[in-house]
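Letter by letter, the chains look like this.
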Amino acid sequence: MTPILLIEQVLNGLQSGIMLFLMAAGLTLIFGVMGLINLAHGSLYMIGAFAAAAVAGWTGSFTLALAAALAAAALAGCIIEMVVIRRLYDRDHLDQVLATFALILIFSEGTRWLFGSFPLYLDVPAALSGPVRLPGGILYPSYRLLIIVIGLLIAIGLFQLIARTRIGIQIRAGESDREMIGALGVDISRLYTIVFALGAALAGLAGALVGAIQSVQVGMGEPVLILAFVVIVIGGIGSIKGALVGALLVGLTDTLGGVLLPLFFGLFMDPSSATTIGSALASMSIYILMALVLLFRPTGLYGRA
Amino acid sequence: MKIKSLVAAACMALAGSAALADGHGGKVKVGMITTLSGGGAGLGIDVRDGFLLAAKGNEMLDIVVEDDQQKPDIAVQLADKMIQSEKVDVLTGIIWSNLAMAVVPSVTAQGKFYLSPNAGPSALAGKGCSPLYFNVAWQNDAFYEAGGLWANENGIGKVFLMAPNYPAGIDGMTGFKRTFEGEVVGEVYTKLGQTDYAAEIAQIRASDADTVYFFLPGGMGISFMKQWAGSGVEKNVMGPAFSFDQGILGAIGDAALGVKNTAHWSKDLDVPGNADFVKAFQDEYGRLPSLYAAQGYDTALLLISAMAKADVKDAAAFQAALEEADFQSVRGKFSFAANHHPIQDIYMREVVKEGDVVTNQIVGVAATDHTDVYGADCKM
């Protein structure tokens, strides 16, 4: 493997990690602040992608499509928080899992009812459709570079929001002691709605950004949801920093594992069994990573005991 | 001896007319178990719509449709329910090989006919074949073997193979390698349901392959083709039609243009009845038919042709009537091999744009009178 190919694969791993971060950040915030396991987070991702595809279809503008994705997912987040989720904060996790699983089914079939069973068309804007040449002669799709940049900007923004704003202080306080900030006069139900809508909007944006290079179809959110859970478990539940580090770790392990493991087994095996064993092990790699992290840090990398 | 068989024939004739007279005998109850929800719903909906189009207005057919949700356990439950409480005579509809393997052997063991409109696992074509099982679509390897043959004839020397790491993916690539005589320079098996192919595309770019041959059904294929177009890699792309079916092409858009794919049917195939089928399907459902719709349509035509010749209650006669395959397939010539799998031509199609619609056009024949290699193991 040439160094150039390796760098390209590292970029791919970074890009997939950044996308995972957008999903995991919302999930970990919601869990950290409200103690809620939200399985329907993948549906918000799907809503973002479908809203973007629909608006891009009507207007032809990708920027408008992204805005629509943010708005639609945030709105859906607000509505489900007020209608369903609010009733679940005091219930145990099993009730939350059951109720949010029901939301997945409702959103999936609702989307199918609105948009049909066939995947929708959403493409990257023409200006970003080709590759760019990076220093060192690497040809890399410009849209993926844009995803990395947007993701990093959002990560920085989120850290600023949590560290420096009043709402960030309330979120952090909510993570440490929910009853206390309620007693101090913070409107806790408004805070919860805002946090939920913020998490939903991030998931919707991720769905729209990724939808342009993947398939916009019903059920697209669930595989990502599983990965996002792996990320927050590795990073430590409730920690934004943990979500970022965990997402990058998972993205890199997943991408590089799939490339390097078959090569590694190829050193001492015939090509076809090296491919088979390498691919099989690569599919397991992130779960092995999660098991290892849990073995040494049971609360995750940045989790509080 | 002669008198005996004459009497027997007379009895059968009487039994036949008696059955017709009671108003139920001529009717056939069909149980269709197919995928109507979840990510694979597009395929099941097309099979169902194609089947119902051919059966439209036919009062001798009584059709029950149920959704298997692409889950083997649900498919098995539905099959039991249809056989035991709905008393169906014929089952059909299953899209996926793993579901077919869970349902078909038990259906045929209970003495019911099964007509496969899509899945063709090798086990059911070889050792596990059954007199009551008919595959109207293809054995799973067919499109791949034809792809290998076409590559040999068209000067494709170095190929990079890619498929999901599950039985149908690995079988498909094995099928391609069975007929392909050039060099396989790389082979990657991806996770089932994988949506990001940046790493694989980088590997393909770095290889010296002139063609990438892949099988990625449904959303996986859409993701790969969009990312492939964005990567700027310039190599030929080939695959079986499953990755470039009409239901998917709309979502890939221009990124799929120029891709070669093998199939037994295409909407521009110039055989009697095909143009009428395409038009009738468009009028009825407002979209272009896919090859799955064509398979569903042919399955119903086959069933109707057999019903004209024999009573479904007489299994031996009905089996013989099905074996004749006396219907005008929208694929042109169609007959069954001894293992009840199709003998048919397989074409190479190319993705083109007609006006605003991205669709397929035939560019040549990839395999003539193609049949599978498993029939030798089939002892009926």
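Keep in mind it's a predicted model, so treat the numbers as computed, not measured. Per chain, residue numbering runs from 1 following the sequence as it is written. For naming, the first written chain is A and the first written ligand is 1, with later ones following in the order written. In keeping with the predicted nature of the model, local features appear solely for residues at pLDDT of at least 70, side-chain atom pairs appear and are counted solely at 80 or more, and the whole-chain, interface and lining totals rest on all residues. Calculation of side-chain values draws on the structure's entire complement of heavy atoms; hydrogens and water are dropped beforehand.

**Student:** Help me get a handle on the interface of chain A and chain B, residues and values and all.
**Tutor:** Two residues form a contact once any of their heavy atoms are found within 4.5 Å. Opposite the 35 residues of chain A that make contact, chain B presents 36 residues. Buried area between chain A and chain B, summed over both chains or domains, comes out near 2700 Å², and the portion from carbon and sulfur atoms is 53%. Among the residues of chain A in contact with chain B, Phe118, Tyr121 and Gln214 of chain A are the three that bury the most area, contributing 21% of the side total. Salt bridge, as applied in this entry: a Lys or Arg side-chain nitrogen positioned within 4 Å of an Asp or Glu carboxyl oxygen. Put simply, chain A and chain B have 3 salt bridges between them. What qualifies as a polar contact is a pair of N or O atoms within 3.5 Å, subject to a donor-acceptor requirement within protein and to the restriction that residues adjacent in sequence count only when both atoms come from side chains. The interface formed by chain A and chain B includes 13 residue pairs in polar contact (both at pLDDT 80 or more). Residues of the side of chain A that touches chain B, tallied by class, amount to 15 nonpolar, 15 polar and 5 charged. Throughout, the accessible surface (probe 1.4 Å) given up by two parts as they are put together, summed over both, is called the buried area. Residues are grouped as follows: Ala, Val, Leu, Ile, Met, Phe, Trp, Tyr, Cys and Pro are nonpolar; Asp, Glu, Lys and Arg are charged; every other residue, Gly included, is polar.

**Student:** Got a sec to walk through the packing of aromatic side chains? Specific residues and values, please.
**Tutor:** All names here are of chain B. Think of it this way: a Phe, Tyr or Trp ring, Trp meaning its six-membered ring, pairs with another when their centres are within 6.5 Å, and the plane angle makes it stacked under 30 degrees, edge-to-face over 60, tilted otherwise. Counted by the stated rule, this structure contains 27 aromatic pairs over all chains. Ring plane angle 45° and centroid distance 6.4 Å describe the contact between Tyr144 and Phe242, whose orientation is recorded as tilted. With Tyr144 in helix 6 (residues 142–153) and Phe242 in the loop between strand 9 (236–240) and helix 10 (246–252), the pair connects residues that are 98 residues apart, well separated along the chain. In terms of burial, Tyr144 and Phe242 fall into one category: buried. Measuring from ring centre to ring centre gives 4.0 Å for Phe176 and Tyr213, while their planes differ by 25°; the resulting arrangement is stacked. Each helix is a run of H or I in the DSSP string that is no shorter than four residues. Each strand is a run of E no shorter than two, and both are numbered from the N terminus. Any residue under 20% of the maximum accessible area for its type is buried, any over 50% is exposed, and the rest in between are partly exposed; the area is computed with a 1.4 Å probe on protein chains only.

**Student:** Any details on the side chain of Thr262 of chain B? Residues and values, ideally.
**Tutor:** Residue and element names in this part refer to chain B. Note on placement: Thr262 falls in strand 10 (residues 260–263). Here the side chain of Thr262 touches Phe143 through a polar contact of 2.9 Å, landing on its backbone oxygen. Dropping the residues within four chain positions of it, Thr262 is found in contact with Phe143, Ala146, Gly147, Gly239, Pro240, Ala241, Ile346, Tyr347, Met348 and Ala366.

**Student:** Could you give me a rundown of the domain arrangement of chain B, with the residues and numbers involved?
**Tutor:** All names here are of chain B. The split into domains, and so the bounds of each, comes from an automatic or database assignment of domains. Each domain of chain B was delimited in the assignment, giving domain 1 (2–138 + 270–336) and domain 2 (142–263 + 346–369). Distance between the C-alpha centres of domain 1 and domain 2: 30 Å. Taken together, both faces of the contact between domain 1 and domain 2 bury some 840 Å²; the carbon and sulfur share is 66%. For the domain 1 face of the interface with domain 2, the top three residues by lost area are Trp138, Leu288 and Leu291, together amounting to 50%. Across the contact surface, domain 1 and domain 2 share 1 salt bridge. Lys333 serves as the salt-bridge partner of Asp369, at 3.1 Å between the closest nitrogen and oxygen.

**Student:** Describe in detail unusual backbone geometry, supporting the description with residues and values.
**Tutor:** Residue and element names in this part refer to chain B. In this structure, Gln70 takes a positive phi of about 60° despite not being glycine. Here Gln70 shows up in the loop between strand 2 (61–67) and helix 3 (72–84). What makes Gln70 partly exposed here is its relative accessible area of 32%. Despite not being glycine, Lys87 shows a phi value in the positive range, around 55°. Among the structural elements, Lys87 can be located in the loop between helix 3 and strand 3 (90–92).

**Student:** Quick rundown of empty space enclosed by the protein? Include the residues and the values.
**Tutor:** The definitions used throughout rest on a 1 Å grid laid over the protein atoms alone, on which a cavity is an enclosed set of points accommodating a 1.4 Å probe that cannot get out and a pocket is an open set flanked by protein within 12 Å on both sides along at least five of seven lines; lining residues are those having an atom within 4 Å of a point. Grid points are joined across faces, edges and corners, and a volume is the space filled by probe spheres set on the points. This model, assessed by the stated rule, comprises 4 cavities of 30 Å³ or more. By volume, the largest cavity amounts to about 90 Å³. Lining the largest cavity are 13 residues, and of these Pro141, Tyr143 and Ile213 of chain A together with Lys226 and Gly230 of chain B sit closest to its centre. Only helix 5 (142–164) of chain A together with helix 9 (219–231) of chain B provide two or more residues apiece to the lining of the largest cavity. If one sorts the elements of the lining of the largest cavity by residue count, helix 9 of chain B sits on top with 4 residues. Classifying every residue of the lining of the largest cavity gives 6 nonpolar, 4 polar and 3 charged.

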